[in-house]
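Breakdown of the fold
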Amino acid sequence: MGSAQLHRARLVSSVAAVMISLACGTNYVYSAWAPQFADKLHLTTTEINLIGLAGNMGMYSMGVPVGLFVDHRGPRPAVLAGALCLGIGYFPFRAAFETASGSVPALCFFAFLTGLGGCMAFAASVKTSALNWPHHRGTATAFPLAAFGLSAFFFSLCGAILFPGDTGAFLTLLAAGTFALIFIGFFFLKVYPHASYQSLPTRSGLSGSQQLHRTLSEEAKVARFHRSGRHSHDAEPGTSPITNTNTTTYTTPAATAGSSQEPLIPARDSADVEAEPLHTPDGRSHEVDADETSSLMSKSSASSVAGEVYVQNSVDLDRSHRVDIRGWRLMRSIDFWQLFSIMGILAGIGLMTINNIGQDVKALWKLYDDSVDETFLVHRQQMHVSLLSVGSFCGRLLSGVGSDFLVKRLHANRAWCLVVACFVFCIAQLCAVSISNPHLLGFVSGLSGLGYGFLFGVFPSIVAESFGIHGLSQNWGFMTLSPVISGNIFNLFYGIVFDSHSVVGPDGERYCPDGLDCYKDAYFVTLTACGLGIIITLLTIRRQYRERLREEGKGAAED
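Residues numbered from 1 in each chain as written. Predicted model: local features only at pLDDT ≥ 70, side-chain atom pairs only at ≥ 80, totals over all residues. Heavy atoms only, no water.

Counted only if it meets this: UniProt positions are given in the numbering used here, feature names are shortened, and annotations may be inferred rather than shown by experiment.
Per an unreviewed UniProt entry, the protein goes by Major facilitator superfamily domain-containing protein and derives from Corynascus novoguineensis. Taken directly from UniProt, the Subcellular location (unreviewed entry) text for the protein runs: "Membrane".

**With respect to a nonpolar patch on the surface**
Note the cut-off: What goes into a patch is any residue over 30% in relative accessible area without a salt bridge, connected to like charges within 9 Å or, for nonpolar side chains (Val, Leu, Ile, Met, Phe, Trp, Tyr), within 5 Å. To measure how exposed things are, a 1.4 Å probe is used in the Shrake-Rupley method; for residues, cover is taken only from the protein chains shown. By convention in these notes, a salt bridge is any Lys or Arg side-chain nitrogen within 4 Å of a carboxyl oxygen on Asp or Glu. Going along the chain from the N terminus, every DSSP run of H or I of four or more residues is numbered as a helix, and every run of E of two or more is numbered as a strand. Three exposure classes are used, based on accessible area relative to the maximum for each residue type with a 1.4 Å probe and protein chains only: buried under 20%, partly exposed in between, and exposed over 50%.
Among the surface-exposed residues, Val 12, Leu 80, Leu 84, Ile 88, Phe 183, Ile 184, Phe 187 and Phe 188 lie close enough to one another that they form a single nonpolar patch of about 690 Å² accessible area. For the nonpolar patch, the secondary-structure elements that each account for two or more residues are helix 5 (75-99) and helix 9 (167-186). The element that contributes the greatest number of residues to the nonpolar patch is helix 5, accounting for three residues. The exposure class assigned to Phe 187 is partly exposed, which follows from its relative accessible area of 46%.

**What about the environment of Thr 172?**
Selection rule: Note on definitions: a residue-residue contact is assigned when non-hydrogen atoms from the two residues lie within 4.5 Å.
Along the polypeptide, Thr 172 turns up in helix 9. Judged by relative accessible area, Thr 172 falls into the partly exposed class, the value being 27%. Residues Thr 172 and Phe 93 lie 79 residues apart in sequence; the distance between their C-alpha atoms is 8.7 Å. If we ignore the near neighbours within four places in the chain, the residues touching Thr 172 are Arg 94 and Gly 177.

**A word on helix 19 (residues 482-501)**
This is how the line gets drawn: Take the residue count of a helix, subtract one, and multiply by 1.5 Å to get its expected span.
For helix 19, which comprises 20 residues, the first-to-last C-alpha distance of 29 Å matches the rise-based estimate of 28 Å (1.5 Å per residue) to within 8%. What helix 19 keeps buried is the set Ser 482, Pro 483, Val 484, Ser 486, Gly 487, Phe 490, Asn 491, Tyr 494, Gly 495, Val 497, Phe 498 and Asp 499.

**Quick word on the pattern of salt bridges**
In the structure shown here, the tally under the stated rule is four salt bridges. We note a salt bridge from Glu 98 to Arg 94, for which the minimum N-O separation is 2.9 Å. Of this pair, Glu 98 and Arg 94 both sit in helix 5, four residues apart, which is roughly one turn of the helix. The partly exposed category is assigned to Glu 98, whose relative accessible area is 45%. Judged by relative accessible area, Arg 94 falls into the partly exposed class, the value being 26%.

**Some details on the state of the cysteines**
So the rule is basically this: Two cysteine sulfur atoms form a disulfide, by the criterion used here, when they sit within 2.5 Å.
One pass over the structure, following the stated rule, counts one disulfide. A sulfur-sulfur distance of 1.8 Å marks the disulfide that ties Cys 512 to Cys 518. Negative torsions about the S-S bond denote left-handed disulfides, and the value of about -95° found for Cys 512 with Cys 518 makes this one left-handed. Given the relative accessible area of 0%, Cys 518 is considered buried. In this structure Cys 119 is a free cysteine whose sulfur lies 9.0 Å from that of Cys 24, the closest cysteine sulfur available.

**Remarks on unusual backbone geometry**
A positive phi angle is found at His 42, which is not glycine, with a value near 55°. Mapped onto the elements of the fold, His 42 is located in the loop between helix 2 (34-41) and helix 3 (45-60). Residue classification places His 42 among the partly exposed positions, given a relative accessible area of 40%. A positive phi angle, close to 60°, is found at Ala 100, a residue other than glycine. Taking the relative accessible area as the measure of exposure, Ala 100 reaches 33% and is therefore partly exposed.

**What about the packing of helix 14 (residues 334-368) against helix 17 (residues 442-467)?**
As a reminder of what qualifies: Here the axes come from fitting lines to C-alpha atoms, over the contacting stretch only for helices, and the angles between their N-to-C directions go from 0 to 180 degrees. Reported orientations rely on four angle classes, namely roughly parallel under 35 degrees, roughly antiparallel over 145, roughly perpendicular from 65 to 115, and oblique for the rest. Take the far helix as your reference; a near helix turned counterclockwise from it by less than a right angle gives a left-handed crossing, and one turned clockwise gives a right-handed crossing. Polar here means any residue outside two lists: the nonpolar Ala, Val, Leu, Ile, Met, Phe, Trp, Tyr, Cys and Pro, and the charged Asp, Glu, Lys and Arg; Gly therefore counts as polar.
In contact at an axis separation of 10 Å, helix 14 and helix 17 are set at 155° when each is read in the N-to-C sense. The pairing of helix 14 with helix 17 is recorded here as roughly antiparallel in orientation. Here the hand of the crossing between helix 14 and helix 17 comes out left-handed. Touching Asp 335, Phe 336, Leu 339, Ile 342, Met 343, Leu 346, Ala 347, Gly 350, Leu 351, Thr 353, Ile 354 and Ile 357 of helix 14 are Val 444, Ser 445, Ser 448, Tyr 452, Leu 455, Phe 456, Phe 459, Ile 462, Ser 466 and Phe 467, all from helix 17. When grouped by side-chain class, the residues that make up the contact of helix 14 with helix 17 number 16 nonpolar, five polar and one charged.

See below:
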């Protein structure tokens, strides 16, 4: 395949990745249909929140196993599995809505499938984009990341245009639309890795001390590989098996003082992978480079695909390559637990509004104007879901640019962006406990989305700089477990508060006639949590500042 054809093929694959990602963030559109679903099935607010939490668990708690699956099996099986999970997950909701009956545990299971499906397909689309554009990973991965953030806006807009006020048809759109987008993208999502090589000086031009030779550690690795057929223990977790045992890596004596270089890994003979030939200095050609099962965690000191995927080009690369904390060492790190707490507090606050903004809309409008019909309420709920989605998208962009400005221009800690996120959430909670006019509720949804985007836009970079870029995939997977815990707590508390103010109508439907009082107490709790988040964030910044000073002092002493 020629260069022009490969370039076009990669562009098509990137468009497919964006299309797939657009179908993966539908958990955030939950509030657009959950209140009507609860009314039809006569569910309490606590029960409908349990269903929403199951979807969040599928998305957040499965990050580590899904990442390992994508690393070992390649992106395409994960895409197909994701499409099936989303289709199988959403269709029972449509059936339950039409029949006005359904088991809450069963609905929780299907909601979990929707979260798992989105997690699998999204991980695959991001990895494919990273492998297809190794020299432009920041830009390449920004598109699927942005599409994921705009997923709720996309489906809310489509539902408002195509099926205004029809919750049953909207659930059909979610089931068929997510499956169709991912399934169609599956046929075009392929890895076309670039081949590259670094020319080495000829042997005649080297002095005795500069001649290339294989180090003892590499000989041991090769020997162990021949005996076991596997990678050595030093290989990064999730790295693909080496398929060509004849490949040899040579280093100069100076290079052995740094990190060892991994052998080139030839692409597998697969229809899913198209690789360019690698021309070595002796004129021979080999099909080499990363394939679909190449891990995004590279041990090379030159770059780390995983780090660049998550944080693009905005990390302190010197420190992130120098530090490598993972596994049990991560569990024993105070920094980890501080960041874990910050992530849990702020993400839980955001998820409470994301999952319940529809209930807020319904409560305020029912008191403000009891003549509004169901179609009007659905329109308003979809509008606020769209505001959340667009706010999250803007927050991700602003935090990326802002954190770069802090680090490169002001030489400040990137974690100050978390302080900004805390204050944005604080303002959103203050609006939530004081706004009784439903026309102004957009401040709550828009600011909540902005704070949520600020949080997730900068947090992976902070994790990379704190614990190292080589273990970022697994460390980030552990970090995203915290919203599962906090999201459960805040959402269940919201459900308890809302149910305590609700009454049962003559037809068995539940509603809250108290307007702002229906949920105000829940937002007082999250407002307190924001204050706690600010304190922990400031303590983390202070601790990291002192650690950096100690590191610089040790470095100066060694020099």
